[in-house]
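So the chains spell out like this:
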Amino acid sequence: QVQLVESGGGLVPNGGSLRLSCVVSGRPFSNYHMGWFRQFPGLVREFVGAIDWSGSNTDYAEFVKGRFTISRDNAQNTGYLQMDSLKPEDTAVYYCAAQDSSSFHFTGSQIRTSIDGYTYWGHGTPVTVAA
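These figures come from a predicted structure and were not determined experimentally. (Residues numbered from 1 in each chain as written. Predicted model: local features only at pLDDT ≥ 70, side-chain atom pairs only at ≥ 80, totals over all residues. Heavy atoms only, no water.)

## Quick notes on the pattern of salt bridges
Moving on, step 1. Summed over the entire model, instances satisfying the criterion amount to five salt bridges.
Moving on, step 2. Across the salt bridge formed by Arg-38 and Glu-46, the nearest N and O atoms sit 2.7 Å from each other.
Moving on, step 3. By relative accessible area, Arg-38 is classed as buried at 5%.
Moving on, step 4. Of the charged contacts in the structure, one is a salt bridge between Lys-65 and Glu-62, with a shortest N-O distance of 3.3 Å.
Moving on, step 5. For Lys-65, a relative accessible area of 45% puts it in the partly exposed group. (Salt bridge = Lys/Arg side-chain N within 4 Å of Asp/Glu carboxyl O. Buried < 20%, exposed > 50% of the residue type's maximum accessible area, 1.4 Å probe, protein only.)

If you want it as structure tokens, here you go:
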């Protein structure tokens, strides 16, 4: 069974930075594409960004381009979401997700941006950006 555990959330001032981590266990991390999503109270999770199994390809939501960077270290079974220039409207619970790379071709399918594209999820880590 694949398990994902996020960490690194917290309170940060407007304009500050945080780096979220997502440790994957249970199966080789390199087998999986990884996505990052966030959720505001009462709303569905929205796509933040994703990275393919190799780390060679990434995709970002328009509202985070230039501010957030996704990376991964397959040897450490860990994915990262570096968040810079944070704004109060980035306040949310952030989730990492993983999907077997054989399920879809990363660059050939938009499902990488959908919650339906991922089977395995972490429990989320809250991020609060002070106004």
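Now that the structure has been shown, we can carry on.
## What about the nonpolar core?
Moving on, step 1. By size, the foremost hydrophobic cluster in this structure holds 35 residues, and its most contacted members are Trp-36, Phe-68, Leu-81, Met-83 and Tyr-94.
Moving on, step 2. Those elements giving two or more residues to this core turn out to be strand E3 (18-25), strand E4 (32-39), strand E5 (46-51), strand E7 (68-73), strand E8 (78-83), strand E9 (92-100) and strand E11 (125-130).
Moving on, step 3. With five residues, E9 is the single largest residue contributor to this core.
Moving on, step 4. Contact partners of Tyr-94, with chain neighbours within four places excluded, come to Glu-6, Leu-20, Phe-37, Arg-38, Val-48, Phe-68, Leu-81, Met-83, Gly-124, Thr-125 and Val-127. (Core = buried A, V, L, I, M, F, W, Y, C linked by side-chain atoms within 4.5 Å. Helix = DSSP H or I, 4+ residues; strand = E, 2+ residues; numbered from the N terminus. Contact = heavy atoms within 4.5 Å.)

## Let's talk about the sheet that holds E3
Moving on, step 1. Taken in spatial order, the four strands line up as E1-E3-E8-E7 in an open sheet, and their pairing is antiparallel. Across the chains shown, the open sheet's two edge strands, defined by having one partner strand only, are strand E1 (3-7) and E7. On average, adjacent strands in this sheet sit at an angle of 15° to one another, irrespective of strand direction.
Moving on, step 2. Pairing of E7 with E8, which is carried by six bridges, proceeds in the antiparallel orientation. When the bridges of E8 are listed, Ile-70 appears paired with Leu-81. (Pairing = 2+ DSSP bridges. Axes fitted to C-alpha atoms, helices over the stretch in contact; angles between N-to-C directions.)

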